[in-house]
Amino acid sequence: MSATLSPVQPPAAAFVVGKIQACHLNRLAIVYVRQSTLQQVERNQESTRLQYALTERAVALGWAPEHVEVIDDDLGRSGASAEGRPGFQRLMSEVSLDHVGLVLGIESSRLARSSRDWYQLLEVCALFSTLIGDADGLYDPQTYNDRLLLGLKGTMSEAELHILKQRMLEGKRAKARRGELKTLLPMGYVRAPSGAVTKDPDAQARGVIETIFLQFQRCATINGVLRYLVEHQLQLPYRVISGAQTGQLQWRRPNRVTLSNLLHNPTYAGAYVYGRRPSDPRRRQPGRPSTGRTVAGPGQWEVLLKDRLPAYISWSQYEANLRQLAANTAQAGGVARQGPSLLSGRLVCGRCGLRMVTQYTNNATGLRYSCSRDAVDYGAPRCQSLSGVALDALIARLVLDALQPAALEISLQVADDLDGERARHHAAWQQRLERARYEAERAERQYQAVEPEHRLVARTLEQQWEAALSAETHLKADYARFLANAPQTLSESERARIRALAADIPMLWKAKTTTDAERQAIVRLLIERVIVTVIDDSERVAVEVHWIGGHHTRTHLVRPVARLEQLSDYPQLLARVLALHQAGQRCTQIAEQLNAEGWRPAKRRATFNGSMVANLLAHQGLPAGATHAKAAPWPERDAHEWSLPELARTLEMPAVTLFSWLRKGWLQARQVPRGGHQQWLIWADDDELARLRSRRQAPRRWVKQTESTAGASAGQSA
């Protein structure tokens, strides 16, 4: 066979000469240089030199040296995406502006590792007749064969990246499944030279971590732990992970985010975990490998190996901490907050099953529970509401009854807790004093070791010694003040006081030193939820208490209501008042008899009085007493004018409520002299009577209005 090439198979040089036209040479030849990481730029310098040497090839192909341009803005950047690669974006812009005749890269993977970016480059180059070259040859994206070959090269480049990444990730997962993959350790742990994970050798560092978990078990909130650390001047131990001081222990002020991460970390329960922070591709930002991290729940971790590391707490305690953190969220009821309400976040509506909200009025002196979720979300009528004072009093009584049998146990536990807490405080102080003493002695040794002739160094070391001695002196003074305020052990008088307080739990509950948040915390420790149902909009309320542990208590509550007509026994009350009136008793006598028989009014008072009985008689069209003096005549009235009692009887409402409407400016009235006094005459025709009845029957709005806004709204409705 002849070694010469046939006419139908020209050499590669013929392809090159045929593809390069004058229109290409009149434009730029761009050499695109890229390395994936900075480590590759530093270690694989031969690859970088080969890419820069492509400028010589462009000149050999016919481009003038001044028409050859190098784009190396993407050195140290991944080619997985065009985003975050300013060099590639610049290349695309130049090609789109018809400034480029040739794009040179050492291989297709240098231009793009993504088929999307690769085919976008091919489309733009084909549109503007731009050639693409690599170490294997020169290609024209406008021709079918070259475009097919370039497409295969791009697909292989993307597949190569996927295979490499998959191989590395699978090796990483395999190592993690054995518990051998090294991860960044949280505070309180160090890695020995052998690779084993141990607790921090510093006793003070271990003590702070143990204190955090113990205080969270007692306070149940991150904010409570943070306040405790700040109050007792405790700082968090950090081990430096990089730099000249790698491995050195530093102390930093505590913060909420760090405490939250610490309480959520399963490492402190002795577990080896992999996959707590998986990456979401939708949130990942190109050029930033650490972005897109999400938080996976305990059931979503890829690897969970218990009892593999030294533990500060048990696994059951870790799970209890997670449940407490979840319960502290607003969706789960939240934590105990400021305010007199005992049932905030624990009260459930018995009608719709939704959580009832707590409302404070009159500068937090008034308390009310309301089920208004449907009203807020859908504009539906309010489900139910009731005064919170009576309900809280009932719950407080039930809680105190439940605590009474445990009074002695409570007193002993309180004493033990205080003893343990003071012991921990003194241990922490002793560790801080020991560290300060060591720093002072170390500074002294450094000062004594320096040569006397080296005065500059000696002067600096002397200043450091003086600073260490000063810090130790201040710390000793602070410890002395701490001892003065809190002795190391409880005195006998303190123990006697604890026993006395625990024996009289109601007094401790009502003490001024007991805060609302502490009462709420006690209720939350005993009660899971309380379900209330107002029966027929009356004063009767069904209450069902669900205690922690599964026990239920069902009882009833009498709530204050707005009108006597809401009382469930209102017909019987009217009948009793009528019977006493027919027996010849006066209003005050009837009121005394009603109180003696156990009748109770709607609200504002705990007992009936004469004026309230008179209103009950007026509702039935009866005079208020057995005998009456002859009333003074009324002056001449205009049409549709009523006296206050007459209009109250017509509207079937208490005269005192009608008078309050008059004071607010909701009525049109005038004063006239009668019997030596000024009396009110109220104008009300049929339309006005209808308006007043509708106002009377409208549901009450628990919003405090000023007289000016109330008068304005009344004027608009009139």
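Structure: see above.
Note that this is a predicted model, so its numbers are computed, not measured.

Enquirer: What is the right way to look at the nonpolar core in this model?
Expert: In globular proteins that are soluble, nonpolar side chains generally tend to be buried together. Among the nonpolar cores identified, the biggest contains 33 residues, and Ile212, Phe213, Leu229 and Tyr268 are the most heavily contacted of them. Listed by contribution, the elements that provide at least two residues to this core are helix H10 (203-219), helix H11 (222-231), strand E8 (236-239), helix H12 (256-264) and helix H13 (315-327). Those residues in contact with leucine 229, other than ones at most four positions away along the chain, are Ile212, Leu234, Leu236, Pro254 and Leu259. Leu386, Leu400, Ile527 and Val541 belong to the second largest nonpolar core, which has 29 residues in total.

Enquirer: What am I meant to see in the sheet that holds strand E12 (residues 347-349) here?
Expert: The strands that make up a sheet pair up through hydrogen bonds in the backbone, lying either parallel or antiparallel. Read across the open sheet, the 4 strands follow the order E12-E16-E17-E18; overall the sheet is mixed. The open sheet terminates on both sides in strands that have one partner only, identified here as E12 and strand E18 (552-558). Taken pair by pair, the neighbouring strands of this sheet meet at an average axis angle of 25 degrees, ignoring direction. Inspection of the sheet shows strand E16 (residues 527-534) paired to strand E17 (residues 540-547) by 7 bridges, in the antiparallel sense. When the bridges of E17 are listed, valine 534 appears paired with valine 541. Along the sheet face, helix H15 (residues 388-403) touches E12, E16, E17 and E18 and points at about 35 degrees away from the line of E17. Of the strands in this sheet, E16 and E17 touch helix H20 (residues 516-526), which is tilted by about 95 degrees from E16.

Enquirer: When you look at the packing of H10 against H13 in this model, what are you seeing that I'm missing?
Expert: Think of two packed helices as two axes; the pair is described by the angle between the axes and how far apart they sit. Direction vectors running N to C along H10 and H13 enclose 50 degrees, while the axes themselves pass 11 Å from each other. As summarised for this structure, H10 and H13 are arranged oblique, according to the angle between their axes. The crossing of H10 and H13 is left-handed. When H10 is examined against H13, the residues Phe213, Phe216 and Gln217 are found in contact with a partner set consisting of Gln317, Asn321, Gln324 and Leu325. The class makeup of the residues in the contact of H10 with H13 is 3 nonpolar, 4 polar and no charged.

Rules and cut-offs
- Residues numbered from 1 in each chain as written.
- Predicted model: local features only at pLDDT ≥ 70, side-chain atom pairs only at ≥ 80, totals over all residues.
- Heavy atoms only, no water.
- Core = buried A, V, L, I, M, F, W, Y, C linked by side-chain atoms within 4.5 Å.
- Buried < 20%, exposed > 50% of the residue type's maximum accessible area, 1.4 Å probe, protein only.
- Helix = DSSP H or I, 4+ residues; strand = E, 2+ residues; numbered from the N terminus.
- Contact = heavy atoms within 4.5 Å.
- Pairing = 2+ DSSP bridges.
- Axes fitted to C-alpha atoms, helices over the stretch in contact; angles between N-to-C directions.
- Parallel < 35°, antiparallel > 145°, perpendicular 65-115°, else oblique.
- Left-handed = near helix turned anticlockwise from the far one by under 90°.
- Nonpolar A, V, L, I, M, F, W, Y, C, P; charged D, E, K, R; others polar.

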